[in-house]
Amino acid sequence: MGLFKAVKQALAGRVEPGRSLGRHGILVYANTSEVIRAEAALKEAGWLVSVKGPPPELRTGCDLVIEFPLVEELAILRLLDQAGLTPLQSAPVDGPLLRPVDLFQTVDYGRHLMIRAANMKLTVEKQSRRIVNVSGGGCPDVPYLAQEMIGKTLDEAPSPRQIGHTLCGYALQLAFEEMQRRC
Amino acid sequence: MLAVAGAIPWPELPVVEGLATLDGPRLLIDARPVAAVARGTAALLAAAVSASQALGGPPVMAHLVGDIGAGQGSRALYAHLARILPERQYAALVFHYLQPDVDWHGRVLLAVEQMRPRPLLIADAGFMYAAKMGGMAPSYDLFTPDAGELAFLADEAAPHPFYTRGFILHEEAQAPALIARAHAHGNAARHLLVKGRKDYLASGPEAIEALPGPDCPVLECVGGTGDTLTGLAAALLAAGQPMARAARLAALTNRLAGQLANPTPASQIGEIIARIPAALALALRQIPA
């Protein structure tokens, strides 16, 4: 890890982005799958950004935006441009943004383990680490994600982050990561 | 006629419509196979077709499109529905897995308001999210949320279940309070059929009835049990059952079908759908007219 990145991560670990600096901004994209890719690119580069619900005036449906420290806007936009992930809009926000549900619920059925993240549930056979069910959710990538993931092990299955597009897909990614941590 | 609109995970599928039938594990539209009977709108349609046949009810018209979450298919179906619905006559109309989009939802609802007679309106999944977010929930006759989605309806600030605020707990025991809160903020349909550890029918903020049925906790793992509940309720309503009996029968049939399938956390929804005719016959005997 480069020195700049290490220092940036250390700083980011001490302060919540955008809060201690007084202002934060949001990056707006045309769809949730672009938000998810931009979040991954920024986190890979060491930025401690977070995914939130957009302010009411920007909501159109199944939306996410990326919250970032406004003072870092230029560097973040440059990185996103280089990654081919230029946002539709970058805007300062003053009001609080909605926080995603961050509680996990786990149910142990003996041979199987179910983890719920927000509105999505993932069930795995513990011994084989094979995904046996996906339930919950209402966005149109849920049946597709289930089709692509069920029957595969946690190592074989595509991650929802790779093939999902919506908030339900993002919630399933959280359950998937938690399942990988536990199994 | 009962009509169902939704997306299935076949991205190349354009907007199609036609009569839905079943051929074992395959869903047919106008006798052509379009999808495996898995979770989502295919499961809803399979349950509705199975129940309607058993009841001697009306045929089921499907309005489908392929969409794996990018939203283009959903928007094409929204546009199609906004164009064709004013000329259609349906007893009941179900909106299901579609990319939530408040603007398109509003246009489709305007088209529904031109239908004569106005069909019973049922919404679940993404379309229900858009109805709530657009402030139009009271225009619907029935929503069929699960426990988490009920918490979302109860949270007036949440645009999606993903953002349901932490103080609004997804606790099963909270269902009556959440129903009242959803009504208080205008975010409930006239009737709510809530699927959870215990199912509820709410016909207003206070007329809340816990519905009977066997408890199979492992069914929480099985994707599609909410879809089959919606399909059963829709088929019963389209066959002329009043709302209260349709909801009671749908909830009991769904639970009995699950029980008859002897489920495990790895069971798939097709195993449960196959038990619907037997389960419906049992439920009709337990809940007399």
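Residues numbered from 1 in each chain as written. Chains lettered and ligands numbered in written order. Predicted model: local features only at pLDDT ≥ 70, side-chain atom pairs only at ≥ 80, totals over all residues. Heavy atoms only, no water.

**Student:** Sorry, what's going on with the interface of chain A and chain B here?
**Tutor:** Size of an interface: often given as the accessible area lost when the parts come together. Counting from both sides, the interface comprises 44 residues of chain A and, opposite them, 39 residues of chain B. Carbon and sulfur atoms make up 62% of the surface buried where chain A meets chain B, a total of about 3400 Å² over both sides. Contact with chain B buries area across many residues of chain A, yet Tyr109(A), Asn133(A) and Pro140(A) alone supply 17% of it, more than any other trio. At the junction of chain A and chain B, the tally comes to 1 salt bridge. Between Lys121(A) and Glu220(B) there is a salt bridge, and its shortest N-O distance comes to 3.6 Å. In this structure, the connection of chain A to chain B is made through 12 residue pairs in polar contact (both at pLDDT 80 or more). For the side of chain A that touches chain B, the elements supplying multiple residues, two or more each, are strand E6 (112-117), strand E7 (120-125), strand E8 (130-136), helix H4 (141-149) and helix H6 (167-182) of chain A. Broken down by class, the residue content of the side of chain A that touches chain B amounts to 22 nonpolar, 15 polar and 7 charged. (Contact = heavy atoms within 4.5 Å. Buried area = accessible area lost by both parts, 1.4 Å probe. Salt bridge = Lys/Arg side-chain N within 4 Å of Asp/Glu carboxyl O. Polar contact = N/O pair within 3.5 Å; in protein donor to acceptor, adjacent residues only side chain to side chain. Helix = DSSP H or I, 4+ residues; strand = E, 2+ residues; numbered from the N terminus. Nonpolar A, V, L, I, M, F, W, Y, C, P; charged D, E, K, R; others polar.)

**Student:** When you look at H6(A) in this model, what are you seeing that I'm missing?
**Tutor:** Residues three or four positions apart in an α-helix share a direction because the helix packs 3.6 residues into each turn. All names here are of chain A. For H6, which comprises 16 residues, the first-to-last C-alpha distance of 23 Å matches the rise-based estimate of 22 Å (1.5 Å per residue) to within 8%. For H6, every residue scored as buried is listed here: Leu 167, Cys 168, Gly 169, Tyr 170, Ala 171, Leu 172, Gln 173, Ala 175, Phe 176, Glu 178 and Met 179. Capping of H6 at its N-terminal end is provided by Thr 166; its side-chain oxygen lies 3.2 Å from the backbone amide nitrogen of Cys 168. (Expected span 1.5 Å × (residues − 1). Buried < 20%, exposed > 50% of the residue type's maximum accessible area, 1.4 Å probe, protein only.)

**Student:** Whenever I open this one, the nonpolar core confuses me. Can you help?
**Tutor:** Burial of nonpolar side chains together is a common tendency in soluble globular proteins. In terms of nonpolar packing, the biggest core is built from 59 residues, with Leu2(B), Ala20(B), Leu27(B), Leu45(B), Val60(B) and Leu64(B) touching the most fellow members. Residue contacts for Leu64(B): discarding those within four places in its chain leaves Gly6(B), Ile8(B), Leu13(B), Pro14(B), Val15(B), Val16(B), Leu27(B), Ile29(B), Val34(B), Thr41(B), Leu45(B) and Leu77(B). Among the nonpolar cores identified, the runner-up in size contains 49 residues, and Ile36(A), Leu42(A), Ala175(A) and Phe162(B) belong to it. (Core = buried A, V, L, I, M, F, W, Y, C linked by side-chain atoms within 4.5 Å.)

**Student:** Sorry, what's going on with the UniProt feature "domain: YjeF C-terminal" (unreviewed entry) in chain B here?
**Tutor:** UniProt annotation of "domain: YjeF C-terminal" (unreviewed entry) refers to residues 222-283 of chain B when read in the numbering used here. Between the first and last C-alpha atoms of residues 222-283 of chain B the distance is 21 Å; the span itself is 73% helix and 0% strand. (UniProt positions renumbered as here; feature names shortened; annotations may be inferred.)

**Student:** Where do I start with the sheet that holds strand E11 (residues 208-211) of chain B in this structure?
**Tutor:** Strand pairing in a sheet relies on backbone hydrogen bonds, with the paired strands running either antiparallel or parallel. Residue and element names in this part refer to chain B. Strand order across the open sheet formed by 11 strands is E4-E3-E2-E5-E1-E6-E7-E8-E9-E10-E11, with mixed pairing between neighbours. This sheet does not close on itself; its edge strands, each paired only once, are strand E4 (32-36) and E11. Pairing analysis gives 4 bridges linking strand E3 (residues 26-29) to E4, with the strands arranged antiparallel. Paired with Arg 26 across the strands is Ala 36, a residue of E4. Each of strand E1 (2-8), strand E2 (16-23), E3, E4, strand E5 (60-66) and strand E6 (92-95) touches helix H1 (residues 41-55); the most contacted strand, E1, lies at about 155 degrees to it. (Pairing = 2+ DSSP bridges. Axes fitted to C-alpha atoms, helices over the stretch in contact; angles between N-to-C directions.)

**Student:** Could you clarify how one ought to interpret the packing of helix H8 (residues 243-260) of chain B against helix H10 (residues 276-286) of chain B in this entry?
**Tutor:** A packed helix pair is summarised by two numbers, namely the angle formed by the two axes and the spacing between the axes. Residues and elements named next belong to chain B. H10 packs onto H8 with a crossing angle of 130 degrees between their chain directions and a minimal axis gap of 8 Å. Classified by the interaxial angle, the pair formed by H8 and H10 is oblique. The handedness of the crossing between H8 and H10 comes out as right-handed. Side by side, H8 and H10 meet where Arg 245, Leu 249, Leu 252, Thr 253, Leu 256, Ala 257 and Leu 260 of the first sit next to Ile 276, Ala 278, Ala 279, Leu 280, Leu 282, Ala 283, Leu 284 and Gln 286 of the second. (Parallel < 35°, antiparallel > 145°, perpendicular 65-115°, else oblique. Left-handed = near helix turned anticlockwise from the far one by under 90°.)

**Student:** Whenever I open this one, the packing of helix H7 (residues 225-238) of chain B against H8(B) confuses me. Can you help?
**Tutor:** Residues and elements named next belong to chain B. Following both chains from N to C, one finds H7 and H8 inclined at 140 degrees, their axes separated by 8 Å at the closest point. Regarding H7 and H8, the two cross each other, and that crossing is right-handed. Judged by residue contacts, Thr 225, Thr 228, Leu 229, Leu 232, Ala 233, Leu 236 and Leu 237 of H7 engage Met 243, Ala 246, Leu 249, Ala 250, Ala 251, Thr 253 and Asn 254 from H8. When the residues that make up the contact of H7 with H8 are grouped by side-chain class, the tally is 10 nonpolar, 4 polar and no charged.

**Student:** What exactly am I supposed to notice about the pattern of salt bridges here?
**Tutor:** Considering all chains together, one arrives at 20 salt bridges over all chains under this definition. The closest approach of N and O atoms between Arg26(B) and Asp23(B), which form a salt bridge, is 2.8 Å. Residue Arg26(B) is classed as partly exposed on the basis of its relative accessible area, which comes to 40%. In the salt-bridge network here, residues are joined through shared partners; they are Glu39(A), Lys43(A), Arg161(A) and Glu177(A).

**Student:** Looking at this structure, I do not really get the environment of Leu142(B). What am I missing?
**Tutor:** Residues and elements named next belong to chain B. With respect to the helices and strands, Leu 142 occurs in strand E8 (residues 142-143). Judged by relative accessible area, which is 1%, Leu 142 ranks as buried. Expressed as a C-alpha distance, the spacing of Leu 142 and Ile 122, which sit 20 residues apart in the sequence, is 4.8 Å. Beyond its immediate chain neighbours, meaning those up to four positions away, Leu 142 contacts Leu 121, Ile 122, Ala 123, Ala 189, His 191, Leu 192, Leu 193, Ala 233, Leu 237 and Met 243.

**Student:** Would you explain the confidence of the model for chain A in this entry?
**Tutor:** As a general rule, the predicted coordinates of low-pLDDT regions are not to be interpreted in detail. Here chain A averages 81 in pLDDT, and 78% of its residues register 70 or above. For chain A, the element scoring lowest by mean pLDDT is helix H1 (residues 3-14) of chain A, at 37; E8(A) scores highest, at 97. (pLDDT = per-residue confidence, 0-100.)

**Student:** Please explain the UniProt feature "domain: DUF8182" (unreviewed entry) in chain A as it appears in this structure.
**Tutor:** Residues annotated in UniProt with the feature "domain: DUF8182" (unreviewed entry) correspond here to residues 104-180 of chain A. Between the C-alpha atoms that bound residues 104-180 of chain A there is a distance of 13 Å. The span itself is 35% helix and 31% strand.

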